[in-house]
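In case you want the letters, here they are:
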Amino acid sequence: MKRRLIILCLGLLLALPGARAQFYSSTNKKAIRQYELGLQQLQSANIQEAEKCLRQTIALDRKFEEAYLTLGEMLLDQRRETEAREIFEQFLSLGSRYKAWNQEARFAIDCIDFRREALEHPVPFQPINMGPEVNSPYDEYLPTLTADGKTLISTRRMPKNEYSPAETEEEEDFYVSQLQEDGTWSPAQRMEEPVNSTDNEGAQCISQDGRIMIFTACNRKDGYGRCDLYLCVRHGEEWSRPRNIGIEINSRSWESQPCLSLDGRTLYFVSDRKGGYGGKDIWVSRLTENGWGAPQNMGPEINTEGDESSPFIHFDDKTFYFTSNGHVGMGGFDLFVSRRNEDGTWGKAQNMGYPINTEHDESNLIVSADGSRAYFSSNILEGYGRQDLYYFDLPVELRPEPVEYRDELAQEETPEVGESITLKNVLFATGQYTLNETAQVELDKVVEMLNRNATMEIELEGHTDNTGDAAANQQLSEHRAKACYDYIVSRGIAEERLSFRGYGESRPIADNTTEDGRAQNRRTVFTVKAR
C-alpha cells in the first residue's frame, strides 16, 4: 500500500552522503544510531532484531517520529494490527509538522479498523472457475464481455514462440470464447491477425456490439509514449488493422486498460500522465463530432495519491468499478465501486468487502449487463494455470441497475414502414462529411439489416443544427446523407433500395439555443419506405 513509501523515503535519506541527524526529527545521537541499526536489521530481514532496535530507539527518544512510523509499518506487515494501531496512535499524539506523515498514519489506522470490521462481516462470495475451455496452464486476465454476454475476450500470457520478436520471454495475445446454447463456453481461440501480431497486445475492451476493440500495445514505432491505446473495427467477420487511437488520448506517458461506455462515446483509461492525483490515475474522454475530446481526470472520489487501475463502467452508465491501493482497504490493491450522482459527479468509492478483497491484490473485475454476475482474474485460487478467470454472483448491495441490451438494428428487431431510426454513432467532424471508422461500423449494421430483409427500402436523411448559414447547412446535410448512401452501396446493397436527402436545419428535434439541443439536431437518420 502507499504507506510503504514511508520506509522507502527513509531508506533513501540514509543513502545520501552526510545524511544523518539533520534529516531526522530527533537530535539524540544514541537514538539515531539505534534507529539506523534497526533499519539495517530490517533490510536484512532480521525482523526480531529490527523490532528490538526500534523499540529501544523510542525508549531513548519518545519524540522520534520516524521510529514510530517504521515500527508501525513493520508490525502491520506482520499482521500484528492491534500493536500497529497503538504505535500509529502514539505517533499522531506527537503532533508532527509533516502533513503527509500524519495522513499516512491515519490511513493505516483506518485500514486496520476497516479490515477488522470486514473480517467480522464478510460478504457472500463463491467464485467459480470458468473451466479449461477458457483457462489454460498459463495466465488469463483482463476479461471483457459484450453487452449480450455471448462473447468473452481475455488477455493470455504464455511463453513466446521462436518466431516472436517480443523482447520479453513471454508474450500477450487475445483469446476469444463464445457462449454456447447449453450455457458453456467454447474453447478459447487466439484472435487472428491483424489484431494479434507477433508482438504483445493486451488490456483490451470491446464495444457493446462486439464491433469495436480498443487495446494496449507498448513500444511500437507509431506510439507516442511507452504504452498507447490502439483501435480496430470489425466489418462482417474481418477485423481492420489496428491503428493508434491518436494524440488526443495517447501522450508521452503510459496509457492502458481502456473501457468503453454502452453507447461507445465515453472512453475510460489509465495513465500516469502529469496532472493526476497520484501515480496512475483513471481518466475519461468523450467522443465528439471532431473526435475524442481532451481527457479529464475522474477526480478525487476515484483517484488518490496511490494507484488506480482496471476501470469498468457498467452498461447502466451509472456504476463504476475499479481497483485502487489508495483507498481504505484490506491491503494491496482492492476492488471498489462508485455510483454516479444525479449531477454527474461520482459518489464516494465503496470497498467491495471481504472476501472479495483480501490482503492480496485484486483487480480486473467486470459485471454482466443484468448486474447479477461478476467476472475477474485471480492467481490465489486453485485453478488450471498461474492466473485464471472466475465468476461469482455479485452481492445485491454491490450490483448496478440491470440493463436489457437491445440493438434496434439487431436481427430480432425489424423496423416497420414509416419508422425512423437515428444512427447515434454516425458522427462527422465540423463542416465535414467523411465517414470515420465508428460511423462505418454503425452503417454495417444497416447493411446487415437490409441483407436480412431483401425487399426493404430506406431513405437516408442528413440533419444539422441552425449554426451558420442555412444554405450551407442544407448542402452539408445532403453531402452527409450521400456519404452514408455511397458507403452502403459499396457494401453490396442495390442503389434502387436506397435514397438520400438532406434536410439542413429545417427539422429540429430539440431546442437549438443549447449545446445539448444542437447536438441532438446534428444527426443522421434512416426511414423505412418499404418492406
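Residues numbered from 1 in each chain as written. Predicted model: local features only at pLDDT ≥ 70, side-chain atom pairs only at ≥ 80, totals over all residues. Heavy atoms only, no water.

**Some words on the packing of helix α7 (residues 437–452) against helix α8 (residues 470–490)**
Reasoning step 1: Remark: α7 packs on α8, axes separated minimally by 10 Å, with the N-to-C direction vectors making an angle of 55 degrees. The angle between the axes of α7 and α8 places the two elements in the oblique class. The element α7 and its partner α8 pack so that their crossing is right-handed. Residues Gln 440, Leu 443, Asp 444, Val 446, Val 447 and Leu 450 of α7 pack against Cys 484, Tyr 487 and Ile 488 of α8. (Axes fitted to C-alpha atoms, helices over the stretch in contact; angles between N-to-C directions. Helix = DSSP H or I, 4+ residues; strand = E, 2+ residues; numbered from the N terminus. Parallel < 35°, antiparallel > 145°, perpendicular 65-115°, else oblique. Left-handed = near helix turned anticlockwise from the far one by under 90°. Contact = heavy atoms within 4.5 Å.)

**Structural notes on the nonpolar core**
Reasoning step 1: Core analysis: the largest hydrophobic core is formed by 40 residues, its most contacted members being Phe 320, Met 352 and Leu 365.
Reasoning step 2: If you list the elements that add at least two residues to this core, you get β12 (266–271), β13 (281–288), β16 (308–313), β17 (319–324), β18 (334–339), β20 (363–367), β21 (373–378) and β22 (388–393).
Reasoning step 3: In terms of residue count, β22 provides more of this core than any other element does, four residues in total.
Reasoning step 4: Among all residues touching Leu 365, those that are not within four sequence positions of it are Phe 312, Tyr 321, Leu 335, Met 352, Ala 374, Tyr 375, Phe 376 and Phe 392.
Reasoning step 5: Core analysis: the second largest hydrophobic core is formed by 26 residues, Leu 39, Leu 69, Phe 88 and Ala 105 among them. (Core = buried A, V, L, I, M, F, W, Y, C linked by side-chain atoms within 4.5 Å. Buried < 20%, exposed > 50% of the residue type's maximum accessible area, 1.4 Å probe, protein only.)

**Here's the deal with the confidence of the model for the protein**
Reasoning step 1: Looking at the protein as a whole, the pLDDT averages 90, with 93% of positions reaching at least 70.
Reasoning step 2: Within the model, the stretch residues 1–21 combines pLDDT values under 50 with 41 contacts to residues more than four positions away or in other chains. (pLDDT = per-residue confidence, 0-100.)

**Description of the sheet that holds β22**
Reasoning step 1: The four strands are arranged β1-β22-β21-β20 in an open sheet whose pairing can be described as antiparallel. Two strands bound the open sheet, and with one partner strand each, they are β1 (128–129) and β20.
Reasoning step 2: Alignment of β1 against β22, held across two bridges, turns out to be antiparallel. Bridge pairing links Asn 129 to Tyr 390 in β22. (Pairing = 2+ DSSP bridges.)

**Focus on the state of the cysteines**
Reasoning step 1: Taken as a whole, this structure holds one disulfide when the rule is applied.
Reasoning step 2: Between the sulfur of Cys 218 and that of Cys 227 lies a disulfide, 1.9 Å long from S to S. Between Cys 218 and Cys 227, the disulfide has an S-S torsion of 100 degrees and is therefore right-handed.
Reasoning step 3: On the basis of relative accessible area, Cys 227 is assigned to the buried category, the value being 8%.
Reasoning step 4: Residue Cys 205 stays outside any disulfide, its sulfur separated by 6.0 Å from that of Cys 259, the closest cysteine. (Disulfide = S-S within 2.5 Å.)

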